[in-house]
Structures are given as C-alpha cells and as structure tokens.
Amino acid sequence: MLNPLRPQSGPIRFPWAVASALCVALGLAGQTASAAEVTVFTDRSVTLKSTDGANVVHLDAAQEIEASLAADLPADPHLAQAIVQGRLQQGGPQLQRDLASAWQGVADAWSLSISTVPAVVVDRRYVIYGEPDVARAVARIEAYRRAQP
C-alpha cells in the first residue's frame, strides 16, 4: 500500500487525491486557454486586419484550386482528362490535402449558417459579420459576453 507520508524508493508516486487535483487544474487551464477559438470566414476579395491567432478560412480557395487544375485545357475531352489527371498526380498528397481543407472550410461555414463575409466566429457560437478588423470583432463579442453572462 502506498503511504504518501513515507518516502518511496524508485519512481515518484503521487497520492490519488493529488493526481486528481493536478488533472483537474490542468484541464481547467486548458479550457481557459482555448476558450476563445476564433475562425474568420472570408474570401480573397476582403483584406483582413489583426488576424493573429485566428484560423482564416478562404471560402473561394476550392474554386481557385479547381480553376488552376482546369486552366488552359484543350477542347478534346480525353486529352483534357489526361492533363488534369497529370496535374493531380503532380500536386500529389499536398494538393489533395489543400483541396480537402478548402472544401472542409466551405462545409464548416455552411454548418454555422454563415451568410456574409467576412464573418468572425468565436467558439463556434458568436459571430460578427462585415468587420474586417478581427481584433475589433473579437472585442465586440467579448463585450457582449461580459454583458450577457
């Protein structure tokens, strides 16, 4: 049996109460640090300001990737298909990840019912539309959260 008051030989062992308190404290610290998840949904036509720490999702990224794959294709459909397949192979796994990520951003915006860009979303719950200054939008959301506990 483990006696927390008597020194043990070998590896350091914590009593269950101390270990549990440590886990709870670390969990609460992690919640505080991640309490403000900021995602900005936009497109390339909008110039954003103060995006530090925000996840920026360009909703037109998938269209841009697909347009680059389809650029300068011949009229012959078989030749065009071969060229596109070559471009996909040349892009490799990175191109596939970029395309998947771009479409995931569109799906995320749709699931949050984003209707206008830019949209600054905090914690997937609060949104400010039309504000290109991300820090200002986050400050407005934080002020609202303080006023409406």
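Residues numbered from 1 in each chain as written. Predicted model: local features only at pLDDT ≥ 70, side-chain atom pairs only at ≥ 80, totals over all residues. Heavy atoms only, no water.

S.K.: Explain the packing of aromatic side chains residue by residue, including any values.
M.R.: Each aromatic ring pair is summarised here by two numbers: the centre-to-centre distance and the angle between the ring planes. If you walk through the whole model with that rule in mind, you get one aromatic pair. For the ring pair tyrosine 126 and tyrosine 144, a centre distance of 6.2 Å and an interplane angle of 65 degrees mean the geometry is edge-to-face. With tyrosine 126 in strand S4 (residues 126–129) and tyrosine 144 in helix H4 (residues 134–147), this residue pair connects regions lying 18 residues apart in the sequence. Tyrosine 126 gets classed as buried once you look at its relative accessible area, which sits at 18%. (Phe/Tyr/Trp six-rings, centres within 6.5 Å; stacked < 30°, edge-to-face > 60°. Helix = DSSP H or I, 4+ residues; strand = E, 2+ residues; numbered from the N terminus. Buried < 20%, exposed > 50% of the residue type's maximum accessible area, 1.4 Å probe, protein only.)

S.K.: Please set out the side chain of aspartate 60 residue by residue, giving values where relevant.
M.R.: Within the fold, aspartate 60 resides in the loop between strand S2 (55–58) and helix H2 (61–70). Notably, aspartate 60 is buried but unbridged: the nearest opposite-charge side chain belongs to arginine 44, and the N-O separation is 4.2 Å. When near neighbours in sequence (up to four residues on either side) are disregarded, aspartate 60 contacts Asp43 and Arg44. (Lys, Arg positive; Asp, Glu negative; His and termini not counted. Salt bridge = Lys/Arg side-chain N within 4 Å of Asp/Glu carboxyl O. Contact = heavy atoms within 4.5 Å.)

S.K.: So what's going on with the pairing of strand S3 (residues 119–122)? Which residues, and what values?
M.R.: Burial of the side chains of S3 extends over both faces: Ala119 and Val121 are buried on one face and Val120 and Val122 on the other. As defined by bridge partners, strand S1 (residues 38–42) adjoins S3 across four bridges and the pair is classed as antiparallel. Residue pairing across strands places threonine 39 opposite valine 121, the latter belonging to S3. Judged from the four bridges that link them, S3 and S4 form a sheet pairing that is antiparallel. The residue of S4 that forms the bridge with valine 122 is tyrosine 126. Between the antiparallel neighbours S3 and S4 lie three residues, among them aspartate 123 with a positive phi of about 55 degrees. (Pairing = 2+ DSSP bridges.)

S.K.: Any details on the pattern of salt bridges? Residues and values, ideally.
M.R.: Evaluated as defined, the whole model comprises six salt bridges. For aspartate 133, the salt bridge goes to lysine 49, with nearest N and O atoms at 3.9 Å. Of this pair, aspartate 133 sits in the loop between S4 and H4 while lysine 49 sits in the loop between S1 and S2, and the two are 84 residues apart along the sequence. Arginine 145 is paired through a salt bridge with glutamate 142; the nearest N and O atoms lie 3.5 Å apart. Note that arginine 145 and glutamate 142 are positioned in helix H4 at a spacing of three residues, about one turn of the helix. Residue class for arginine 145 comes out partly exposed when judged on its relative accessible area of 25%. On the basis of relative accessibility, which here comes to 25%, the residue glutamate 142 falls in the partly exposed class. Counted as one network, the salt bridges with shared partners bring together Lys49, Glu131, Asp133 and Arg136.

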